[in-house]
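# A look at the structure
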Amino acid sequence: MSLYLFDEFVKKAKPHAAFMDEHPPGTPAPYAGIYRCKDCNFEIGIAKGHILPSDHHHGRVSAVRWILVVEARHVA
Ligand SMILES: [Zn+2]
């Protein structure tokens with residue numbers, strides 16, 4: 001579960017594919033932000049284009065699918 005303190009730094013997103021799509025391990029993160037493993041709820045922070053981690057964090061064999069929880073977006 002991601003936590004935050006200051007309301008002014010986060011905003012509820014409108015439904016968007018960025019938050020609906022599932023991303024397999026070993027693929028580039030399409031957005032910078034916080035991702036969550038749908039299988040075990042493990043969360044990571046990752047930069048755009050960096051490779052989403054493998055399923056080793058499970059300690060068991062299962063299908064990891066990452067979903068975007070919070071997008072880190074620069075707004076000028
Ligand atoms: Zn997991």
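Here we summarise the structure given alongside this text. (Residues numbered from 1 in each chain as written. Predicted model: local features only at pLDDT ≥ 70, side-chain atom pairs only at ≥ 80, totals over all residues.)

### Re unusual backbone geometry
What counts, and what does not: Note on conventions: DSSP H or I runs of at least 4 residues are helices, E runs of at least 2 residues are strands, and numbering of each starts at the N terminus. Labels follow a simple rule on C-beta atoms placed from the backbone: if 20 or more others lie within 10 Å of a residue's own, it is buried; if 12 or fewer, it is exposed; otherwise it is partly exposed.
Its identity as a non-glycine residue notwithstanding, Asn41 has a phi of 70°, on the positive side. With respect to the secondary-structure elements, Asn41 resides in the loop between strand S1 (33-37) and strand S2 (43-46). The class for Asn41 is exposed, based on 8 C-beta atoms found within 10 Å.

### Some words on the sheet that holds S1
Let me state the cut-off plainly: Any two strands with at least two DSSP bridges between them are considered paired. Only the stretch in contact is used when fitting a helix axis, every axis being a line fitted to C-alpha atoms; angles between N-to-C directions are given from 0 to 180 degrees.
The three strands lie next to each other as S2-S1-S3, forming an open sheet whose pairing is antiparallel. Two strands close off the open sheet at either side, each with one partner strand: S2 and strand S3 (66-71). Mean inter-strand twist for the sheet, computed between neighbouring axes without regard to direction, equals 30°. Where S1 lies against S2, four bridges are found, and the strand directions are antiparallel. When the sheet's bridge partners are listed, Arg36 is paired in S2 with Glu43.

### Description of the environment of Leu5
Topologically, Leu5 is positioned in the segment before helix H1 (17-20). Look at Leu5 and you get exposed, because 6 C-beta atoms sit within 10 Å. Considering only alpha carbons, one finds Leu5 and His50, 45 residues apart in sequence, at a separation of 26 Å.

### Observations regarding the environment of Glu22
Definition in use: Working definition of a contact: two residues with C-beta atoms, positioned from the backbone, lying within 7 Å.
The residue Glu22 is located in the loop between H1 and S1 in this model. Linking Glu22 and Lys38, residues 16 residues apart in sequence, is a C-alpha distance of 8.7 Å. Sequence-distant contacts of Glu22, defined by excluding residues within four places in its chain, comprise Lys38, Arg65, Trp66 and Ile67.

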